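Chain residues, written in single-letter form:
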Amino acid sequence: MVFVRTTPPRPVDVTAVFPELAPLVRPAIRLHPRPGSPSVGESSVGGPLLWPAEEPWPHCEASHLHVDSGFRQSPADVRLKRRMQARWHHDHNGRGTTAEEAAVKERNAAMLAERFAVGPPPADCPVPMLPVAQLYLRDIPLVRPSGQADLLQVLWCPYDHDPHHKPSTALFWRSAAAVVDILATPPEPYEVNDDGYLPEPCVLAPEAITEYPNSLDLSPQMLRMVEDWSRWQAAGVDVDGSEHADCPRDFYDVHLADAPGWKVGGWPPWGRTDPNPRYCTVCDVQMVPLLTIASREWDGGEGHSWAPYEDQAAANAAGHCCGQSPSRPTKVEVGSTDNMQIYICPTSPEHPHTDLIQ
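Just so it is clear, the structure is predicted and the values come from calculations on it, not from any experiment.

Undergrad: Even after reading the chapter, I still don't get the nonpolar core, so can you show me in this structure?
TA: As a rule of thumb, nonpolar side chains are buried together in soluble globular proteins. Ranked by internal contacts, the top residues of the largest apolar core, which has 34 residues, are Leu 31, Leu 135, Leu 291 and Ile 293. Secondary structure elements with two or more residues in this core: strand S6 (130-136), strand S7 (151-161), strand S8 (166-174), strand S12 (288-294) and strand S13 (339-344). A total of five residues in this core trace back to one element, the largest contributor, which is S12. Those residues within four positions of Leu 291 in sequence are excluded, and the remaining contacts are Leu 31, Ala 133, Leu 135, Val 154, Lys 263, Val 264, Met 340, Gln 341 and Ile 342. The next biggest cluster of nonpolar side chains, apart from the first, holds 17 residues, and it includes Val 12, Leu 223, Met 225 and Ala 257.

Written out as structure tokens, the structure reads:
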């Protein structure tokens with residue numbers, strides 16, 4: 001079933017107010033992931049990958065701590081908890097555990113007892129990585145593949161890694177037609193460092209948009225221009241009673257600049273981290289944003305203006321509970337921040353990528 005998500009028009013035509021910003025427009029594709037059952041032949045977040053059976057599954061070779069202080073649950077336990085929370089959300093009188101959930105819980109406990117019998121793996125034991133995103137060129141033309149590749153696959157290790165205490169990512173480019181025998185049962189990690197590091201399987205509704213840079217990416221001259229409320233008034237923008245009249249920069253950042261949520265291309269969503277150009281370690285070319293991994297599809301308060309038409313009733317509804325929030329369809333929580341940005345080299349996607357928590 002094909003579903004659509006549509007971003008409402010911005011309250012102001014940016015280039016009508018500031019034609020000087022027109023050269024800074026960038027194309028982006030909002031992915032709009034929503035829980036579903038994607039197949040290996042579909043673009044997805046957290047879904048199964050079109051992975052060749054003869055190709056080793058990627059493992060993280062870094063050192064990992066097991067069964068230490070903090071969150072430690074198996075992927076199976078996290079999935080069971082989510083199913084139970086979804087049921088509770090729809091029936092607050094039906095809390096407790098169903099017979100089916102009890103059976104799954106018992107099976108998970110048996111598997112856990114088996115693991116405890118042999119002890120946790122050593123800290124230097126390679127950890128199987130988890131699928132984060134699979135993006136087909138036919139759906140997401142901004143993934144910038146090279147050669148015959150028409151598929152991008154992103155995985156990560158579900159442990160905190162230095163220096164930013166975030167999952168460590170890996171990118172793979174391949175030709176979908178070259179995959180004949182598909183790996184049916186990929187290995188899974190012993191545990192996850194945080195339940196937000198296990199993406200919920202989601203189908204996508206890609207939507208092409210255009211983006212303007214966050215105010216932190218503007219030159220000092222352009223920033224002064226955006227902060228000049230008289231420019232907004234001269235263009236006919238209604239400012240009567242606006243809470244942003246004293247700080248039009250906030251209005252620009254909240255409503256007009258980079259879109260929130262999972263997306264390909266566009267401008268990075270700066271906030272907690274100041275802009276810092278990243279350069280390819282191979283050819284020294286400035287790298288460009290490839291994929292934004294987001295904890296939320298839209299922010300609270302005025303950030304609801306970015307919620308698609310089709311989700312606005314849910315976005316504005318009260319009573320989100322039991323771990324269910326329409327703004328967090330993927331269940332991803334990127335550390336203590338909202339976004340993780342993956343950059344690639346525009347000269348060659350095969351060069352090492354970099355990522356950054358923002």
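Undergrad: What should I look at first to understand helix H6 (residues 248-256) in this one?
TA: Three or four residues apart is the spacing at which side chains of an α-helix point the same way, because the helix has 3.6 residues per turn. Buried within H6 are the following residues: Pro 248, Phe 251, Tyr 252, His 255 and Leu 256. Across the axial projection of H6, the buried residues extend over an arc of 100°, all falling on one side. Considering only its buried residues, H6 is in contact with helix H1 (14-17), helix H4 (220-226) and helix H5 (229-234).

Undergrad: What is the right way to look at the pairing of S6 in this model?
TA: Within a regular beta strand, the side chains point alternately toward one face of the sheet and then the other, so they alternate between its two faces. The buried count for S6 comes to seven of seven residues, which makes it a mostly enclosed element. Examined bridge by bridge, strand S3 (residues 44-45) and S6 share two bridges and lie antiparallel to one another. Residue pairing across strands places Val 45 opposite Ala 133, the latter belonging to S6. Alignment of S6 against S7, held across six bridges, turns out to be antiparallel. Note that in S7 the partner of Leu 135 across the bridge is Leu 152.

Undergrad: Teacher, can you tell me more about the pairing of strand S1 (residues 26-30) here?
TA: Where S1 lies against strand S10 (residues 207-211), five bridges are found, and the strand directions are antiparallel. The residue of S10 that forms the bridge with Pro 27 is Thr 210. As judged from the three bridges shared by S1 and strand S11 (residues 263-265), these two strands associate in the antiparallel manner. Counterpart to Ala 28 in the pairing with S11 is Gly 265.

Undergrad: Hey, could you run me through the packing of aromatic side chains in this one?
TA: The description of two aromatic rings rests on the distance between their centres and on the angle between their planes. Under the defined criterion, the tally for this structure stands at seven aromatic pairs. Seen in terms of ring centroids, Trp 51 and Phe 172 are 5.1 Å apart; in terms of plane orientation they differ by 80°. Their pairing is edge-to-face. Taken together, the positions of Trp 51 in the loop between S3 and strand S4 (59-60) and Phe 172 in strand S8 put the pair 121 residues apart, joining distant regions of the chain. By relative accessible area, which is 0% here, Trp 51 ends up buried. Grouping aromatic residues by their ring pairs yields a cluster made of Phe 18, Trp 229, Trp 232 and Phe 251. Directly above the ring of Trp 306 sits Arg 10, whose terminal nitrogen or CZ lies 3.8 Å from the centroid.

Thresholds, definitions, all that
Residues numbered from 1 in each chain as written. Predicted model: local features only at pLDDT ≥ 70, side-chain atom pairs only at ≥ 80, totals over all residues. Heavy atoms only, no water. Core = buried A, V, L, I, M, F, W, Y, C linked by side-chain atoms within 4.5 Å. Buried < 20%, exposed > 50% of the residue type's maximum accessible area, 1.4 Å probe, protein only. Helix = DSSP H or I, 4+ residues; strand = E, 2+ residues; numbered from the N terminus. Contact = heavy atoms within 4.5 Å. Arc of directions from axis to C-beta. Pairing = 2+ DSSP bridges. Phe/Tyr/Trp six-rings, centres within 6.5 Å; stacked < 30°, edge-to-face > 60°. Lys NZ or Arg CZ within 6 Å of the ring centre and 35° of its normal.

Honestly, that's just the spatial picture; any functional story needs more than this.
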